Every structure is written in structure tokens, then in C-alpha cells.
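Breakdown of the fold
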Amino acid sequence: MSTEPAHFAFTEGGAFMPTPFAQSHWGNDHLNGPAVVGLAARALEKHCGSADFMPTRFTADLFRAARNLPTTIDVRVVRDGRRVRSAECDVVQDG
């Protein structure tokens, strides 16, 4: 178990709960972008990574502000070829 500050804590229900380190300066209920994007990158690496593939590109589109709510990540592989693997993920809050 790490003693370093974390942006999210894993809940018993399988969601990620934002910690105070994920809070944005824009408002008490907003999360900062790097925390949300880091959570997405971690999920993609965990679900799609392997010793044979090294991530080379990561693009994130944040369509609305993330809130201080339990957060889940839905990951899906779009293409899994010999040389290229593409995946997408959705960061989901409140349905």
C-alpha cells in the first residue's frame, strides 16, 4: 500500500471516489483535469496493456467538468492487431 497522496480511492462497490488531492480550484465540487485523465490512462493501461505493447499516444476529450462523485471507467478495445492496439474509455459519474 502506497503512502503517497492519491487523487482517487477505490471503493468497495468498484468505483473510484475522488480525494481532496483531485479537487480543482474552479469550485468545491469540480475535479482537476490531470486527476481525471490520469484515472483514465491508468484504466486503459491496466485493461489493455501488455509486455508486447508500449503506449505511444493518449488523447483525452473532457466534454464536461468532472464532479466530486463516485467515478467508474468503462474500457473497450476498438482494434487489437499485431502492431496496433486502439482502445477507448468513458469516465462515468452519476450514470
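**Considering the pattern of salt bridges**
For the structure on display, the rule yields four salt bridges. Between D29 and R67 there is a salt bridge, with the nearest N and O atoms lying 3.8 Å from each other. On the criterion of sequence distance, the pair formed by D29 in the loop between β2 (16-18) and α1 (33-48) and R67 in the loop between α1 and β3 (71-80) is long-range, its members being 38 residues apart. Among the residues examined, D29 registers a relative accessible area of 37% and is labelled partly exposed. A salt bridge links D80 to R85; the nearest nitrogen and oxygen atoms lie 2.9 Å apart. In this structure R85 comes out as partly exposed when scored by relative accessible area, which is 27%. Connected through salt bridges with shared partners, the residues R76, E88 and D90 form a single ionic network.

**Structural notes on unusual backbone geometry**
Backbone geometry places D94, a non-glycine residue, at a positive phi of 55 degrees. Take D94: it is sitting in the segment after β4 (85-93). With a relative accessible area of 74%, D94 lands in the exposed category.

**A short note on the side chain of T71**
Within the element layout of this structure, T71 appears in strand β3. Polar contacts involving the side chain of T71 include one to the main-chain carbonyl oxygen of L69, which spans 2.9 Å. Filtering out sequence-adjacent residues up to four positions away, T71 remains in contact with F8, A15, F16, P18, L39, V91, V92 and Q93.

Rules used throughout
- Residues numbered from 1 in each chain as written.
- Predicted model: local features only at pLDDT ≥ 70, side-chain atom pairs only at ≥ 80, totals over all residues.
- Heavy atoms only, no water.
- Salt bridge = Lys/Arg side-chain N within 4 Å of Asp/Glu carboxyl O.
- Helix = DSSP H or I, 4+ residues; strand = E, 2+ residues; numbered from the N terminus.
- Buried < 20%, exposed > 50% of the residue type's maximum accessible area, 1.4 Å probe, protein only.
- Polar contact = N/O pair within 3.5 Å; in protein donor to acceptor, adjacent residues only side chain to side chain.
- Contact = heavy atoms within 4.5 Å.

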